[in-house]
Amino acid sequence: MATLATMVNWLFGQADDAPRQMLPADREIFRLRTVANEDIYLYVKRIDNSSVVREADPQSSGACWKLSASAAVAVLLLIGVLLPSAYGLLAGYNIQSLRQEQQRLVTESSTLELEEARMMSPTRLEELARIQSFVDPGPQKVVYLDAPKGSGSLAMNTKAKSIAKQ
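Residues numbered from 1 in each chain as written. Predicted model: local features only at pLDDT ≥ 70, side-chain atom pairs only at ≥ 80, totals over all residues. Heavy atoms only, no water.

Regarding the overall build of the protein
(1) Moving on: Check the secondary structure of the protein and you find five helices and zero strands.
(2) Moving on: Ordering the α and β elements of the protein from the N terminus gives α-α-α-α-α.
(3) Moving on: Burial status across the protein gives 0% buried among its 166 residues.
(4) Moving on: For the protein, the computed accessible surface area is about 17,200 Å², with 62% contributed by carbon and sulfur atoms. (Helix = DSSP H or I, 4+ residues; strand = E, 2+ residues; numbered from the N terminus. Buried < 20%, exposed > 50% of the residue type's maximum accessible area, 1.4 Å probe, protein only. Areas by Shrake-Rupley, 256 points an atom, 1.4 Å probe, with all protein chains shown as cover.)

Observations regarding helix α4 (residues 122-131)
(1) Moving on: α4 sits mainly on the outside: zero of its ten residues count as buried.
(2) Moving on: Immediately downstream of α4, the backbone of S133 shows phi near 60 degrees, a positive value.

Considerations on the pattern of salt bridges
(1) Moving on: One pass over the full model with this rule turns up two salt bridges.
(2) Moving on: One salt bridge connects E108 with R104, and the closest N-O pair in it is separated by 3.3 Å. Taken together, the residues E108 and R104, both in helix α3 (residues 58-119) and four residues apart, mark about one turn of the helix.
(3) Moving on: Taking the relative accessible area as the measure of exposure, E108 reaches 39% and is therefore partly exposed. (Salt bridge = Lys/Arg side-chain N within 4 Å of Asp/Glu carboxyl O.)

Examining a nonpolar patch on the surface
(1) Moving on: On the surface, L4, M7, V8, W10, L11 and F12 cluster together to form a nonpolar patch covering roughly 750 Å² of accessible area.
(2) Moving on: Within the secondary structure, F12 sits in helix α1 (residues 4-12).
(3) Moving on: Residue classification places F12 among the exposed positions, given a relative accessible area of 63%. (Patch = residues over 30% accessible without salt bridge, like charges linked within 9 Å, V, L, I, M, F, W, Y side chains within 5 Å.)

So, unusual backbone geometry
(1) Moving on: Notably, S133 is not glycine yet its phi reads approximately 60 degrees, a positive angle.
(2) Moving on: Of the residues examined, S133 reaches a relative accessible area of 57% and is grouped as exposed.

Points about the confidence of the model for the protein
(1) Moving on: In this model, the protein carries a mean pLDDT of 82, and residues with pLDDT of at least 70 account for 78%.
(2) Moving on: Averaged pLDDT values for the elements of the protein fall to 54 in helix α5 (residues 158-165) and rise to 95 in α3. (pLDDT = per-residue confidence, 0-100.)

A few points about α3
(1) Moving on: The end-to-end C-alpha distance of α3 is 88 Å, a good match for the 92 Å that 62 residues give at a rise of 1.5 Å each.
(2) Moving on: Remark: the principal bend of α3, roughly 35 degrees, maps to L83, with a proline, P84, within the next four residues. (Expected span 1.5 Å × (residues − 1). Bend = angle between axes of the 7 residues up to and from the residue.)

Below is the structure:
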């Protein structure tokens, strides 16, 4: 071996040629511990159940039907209990959406009223009359509907009377 201790022994002549014997206590240090349950042998046997037929049990089908029916009744009762609260929740959503729509319609209505007020203002009507070349009627052509009783001038459709006389 090429370790430092071996080199020193070789150079200075201190060779230990005799093999060292291990004491029984030294052997015990290097011994492995036993594995737990290493003495148990497990044998796995293949089981073939292809030829086995299940025995009919007439009571089990009745029990299955009873269980299914009771589960269906329980589900129906649960739905019946939860349905009013779910309907109330949906109605709340509808009410809230209707309130939002009402608010939108009120805002739109006020916008339209403002636009109508702008369109019907006397300054705007005068401007439109000037653009379309409208002329104010003379005072002799104006017929007042709330004329005094003795004046004899009324706003009538004279064409309708003449057609009715014929």
